[in-house]
Amino acid sequence: DPEAFMNTLYKTFSHSVSALSRGADNIVVQLSGGLDSSSVLTVLRQLMPENQNITAVNFMHSQVASSDEREFAKEVTGSCKVPLIVKDLKERPNFA
């Protein structure tokens, strides 16, 4: 039954996100804009009180076009009403 599977998956995923964030005053999520980190942030925002301090950080390299997922990250943080910090790694040569 696909619906039962989806309900179980959501319950298990939500329980894991809740357990990892339990007791945290400030939560920072590394957000690529992909499915995994977007799902974590979305469920986290649903589970936490509205006044919970949650921030998303997106790492990119301005000289590597394929690393730039800012638009996806902005879409997710806008939907979740979470601030987004973008860090350009071009200043850090070890991350090129």
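Note that this is a predicted model, so its numbers are computed, not measured.

**Overview of the confidence of the model for the protein chain**
Of all residues in the protein chain, 95% have pLDDT values of 70 or greater, and the mean over the chain is 91. No element of the protein chain has a lower mean pLDDT than strand 3 (residues 84–88), at 94, and none a higher one than strand 1 (residues 26–30), at 96.

**Focus on the environment of Q46**
When you line up the elements, Q46 lands in helix 2 (residues 35–47). In sequence terms Q46 and M60 are 14 residues apart; their C-alpha atoms lie 26 Å from each other. In this structure the side chain of Q46 is engaged in a polar contact, spanning 2.7 Å, whose partner is the side chain of Y10.

**Comments concerning the pattern of salt bridges**
All chains considered together, the criterion is met by two salt bridges. With its nearest N and O atoms 2.6 Å apart, the salt bridge here joins D68 to R70. For R70, a relative accessible area of 29% translates into the label partly exposed.

**Re helix 1 (residues 2–21)**
The first and last C-alpha atoms of helix 1 sit 29 Å apart over 20 residues, in line with the 28 Å expected at 1.5 Å per residue. For helix 1, the complete set of buried residues consists of S14, V17 and S21. Buried residues of helix 1 fall within an arc of 65° about the axis and therefore sit on the same side. Along helix 1, exposed side chains directed more than 90 degrees from the buried face belong to F5, K11, H15 and L20. Turning to helix 1, the residues buried within the fold contact strand 1 and helix 2. Phi turns positive one or two residues past the end of helix 1, at G23, with a value near 80°.

Definitions and cut-offs
Residues numbered from 1 in each chain as written. Predicted model: local features only at pLDDT ≥ 70, side-chain atom pairs only at ≥ 80, totals over all residues. Heavy atoms only, no water. pLDDT = per-residue confidence, 0-100. Helix = DSSP H or I, 4+ residues; strand = E, 2+ residues; numbered from the N terminus. Polar contact = N/O pair within 3.5 Å; in protein donor to acceptor, adjacent residues only side chain to side chain. Salt bridge = Lys/Arg side-chain N within 4 Å of Asp/Glu carboxyl O. Buried < 20%, exposed > 50% of the residue type's maximum accessible area, 1.4 Å probe, protein only. Expected span 1.5 Å × (residues − 1). Arc of directions from axis to C-beta. Contact = heavy atoms within 4.5 Å.

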